[in-house]
Each structure stands twice: as structure tokens, then as C-alpha cells.
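Architecture at a glance
This is what each chain is made of:
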Amino acid sequence: ETIKATVYFPNVCDKAAALDMELTYDATKIDFVSLEKGVALKKAIEAQQNGSVYSEGTKTKGKIQWSIAGSNNYSFVGVFAVVTFKVRASAVNGPTNIDLAVKNAANSGYVDITSQISVENATVEIVRDSAKDFEYKLNGDKTGYIITKYNCATVADLTVPSYHDG
């Protein structure tokens, strides 16, 4: 089971010459899989001149960071990035938050504009299908089942079906 989180600028943000953002998530419930740069970020990187800096950090569990800085204002609009997560096998049913924060933003005159960039966070509801957390087979005399693989972290009770096809 995967979750895709899109970091998106719905309105043009063309005042930022420096932008530091951080996306946080619960690493006990979901794992980072990949980060794909969106059109808005790709255009900003292409517009960079000498002395401009871009970095992204994905090594710290529970946190993804972006930092872009240059001497001219960048124009961000549309998809900045798409982050893919995988639901951990041990994740229990319930909500998990994916939070985005602008840590720092400044224009080309070095004026702090952090408060002018608003963000919205997301809550994802994890609903596990516990039947997928078990593998079982019919025993040799066909009178019961043998559980061959299980993940007990996601299930409190197990009901084995009375019907087996195969």
C-alpha cells in the first residue's frame, strides 16, 4: 500500500529567492520511498544562476527537507514535488499526519517573507486489510489450516475462513 503526497503551490509564489521547507511524517507508520521533483521545482532549478544552491534531504526518518536559494526571486506555481510513502507492515489502523512547514523564506532583498507563504497539512487514514497479513495453506489431511506467514502487529483477532479454494 502506497501513499502519494503532493507538495503544491496553488497560487503563484514569485517573491522567494530563498525557500527552506520541511515535510514531516510518522516513520513508525509509513516509510519514505521516493521523491519526484515537480514542474515548479524543476523550473526553479533550471533558472538558477552562478552561486545558487539547491538541496534536498531524505535520509532522516520522519523528515524530508528542501532548500533553494539564489540572487533572483523564483516563481513557484503548481506541483513542487510528489513524495511516495509505503505503509509499514506494522502500521495499525488509524490516522497519520503528513505535515509541511516553511522554515524560512526570503526575497531577493533578504526580507523575511516566511509568514506570507501558507501551507496545509494532510491526515491520511490507514485502513489495513488484516487478511493480507496472513498466508495459510490447507494441512496435509485437509482438516485444517497451517499459517505459514503472519504479521501479528496489525491484528488482535484472526478468523480463518471455513472455505479454501485450492
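Report on the accompanying structure. (Residues numbered from 1 in each chain as written. Predicted model: local features only at pLDDT ≥ 70, side-chain atom pairs only at ≥ 80, totals over all residues. Heavy atoms only, no water.)

1. Observations concerning the overall build of the protein
When helices and strands are counted, the protein shows one helix and eight strands. Residues classed as buried in the protein amount to 33% of the 166 residues present. In the protein, once contacts between residues fewer than 6 apart in sequence are set aside, the share between residues at least 24 apart is 71%. For the protein, the exposed area adds up to about 10300 Å²; of that, 48% sits on carbon and sulfur atoms. (Helix = DSSP H or I, 4+ residues; strand = E, 2+ residues; numbered from the N terminus. Buried < 20%, exposed > 50% of the residue type's maximum accessible area, 1.4 Å probe, protein only. Contact = heavy atoms within 4.5 Å. Areas by Shrake-Rupley, 256 points an atom, 1.4 Å probe, with all protein chains shown as cover.)

2. Details of the pattern of salt bridges
Side chains that carry opposite charge are capable of pairing whenever their charged atoms lie near each other. Counting across every chain of the model gives four salt bridges. The partner of Lys 103 in a salt bridge is Glu 22, with the nearest N and O atoms 3.9 Å apart. Remark: Glu 22 occurs in strand β1 (residues 2–25) and Lys 103 occurs in strand β5 (residues 94–106); sequence separation between them is 81 residues. By relative accessible area, which is 52% here, Lys 103 ends up exposed. You can call Glu 22 buried: its relative accessible area is 13%. When salt bridges that share partners are traced, they join Glu 22, Lys 63 and Lys 103 into one network. (Salt bridge = Lys/Arg side-chain N within 4 Å of Asp/Glu carboxyl O.)

3. Here we look at the packing of aromatic side chains
In the structure shown here, the tally under the stated rule is six aromatic pairs. By the ring-pair criterion, three or more aromatic residues cluster together here, those being Phe 9, Trp 66, Tyr 74, Phe 76 and Phe 80. (Phe/Tyr/Trp six-rings, centres within 6.5 Å; stacked < 30°, edge-to-face > 60°.)

4. Considerations on the nonpolar core
Formed by 34 residues in total, the largest nonpolar core has its most connected members in Leu 19, Met 21, Leu 23, Trp 66, Phe 76, Phe 80 and Phe 85. Discounting residues that sit within four places of it in the chain, Met 21 has contacts with Val 7, Phe 9, Ile 64, Gln 65, Trp 66, Phe 80, Leu 100, Ala 101, Val 102 and Lys 103. (Core = buried A, V, L, I, M, F, W, Y, C linked by side-chain atoms within 4.5 Å.)

5. A word on the side chain of Thr 96
With respect to the helices and strands, Thr 96 occurs in strand β5. According to the relative accessible area criterion, Thr 96 is buried, its value standing at 2%. Not counting residues within four places of it along the chain, the set of residues in contact with Thr 96 comprises Asp 26, Lys 29, Ala 122, Thr 123, Val 124 and Ile 126.

6. As for the layout of surface pockets
The gaps of empty space that remain are located by a probe, the size of a water molecule, rolled over the atoms. The space that makes up the largest pocket amounts to roughly 580 Å³. Every residue lining the largest pocket is counted, 24 residues in all, and those nearest its centre are Tyr 8, Phe 9, Pro 10, Ser 118 and Val 119. Secondary structure elements with two or more residues in the lining of the largest pocket: β1 and β5. Of all the elements, β1 adds the most residues to the lining of the largest pocket, at 13 residues. Here the residues of the lining of the largest pocket are counted per class, giving 15 nonpolar, five polar and four charged. (1 Å grid on protein atoms, 1.4 Å probe; cavity = no way out; pocket = protein on both sides within 12 Å on 5 of 7 lines; lining within 4 Å. Points joined across faces, edges and corners; volume = space filled by probe spheres on them. Nonpolar A, V, L, I, M, F, W, Y, C, P; charged D, E, K, R; others polar.)

Fair warning: the whole summary comes from geometry, so function is off the table for now.
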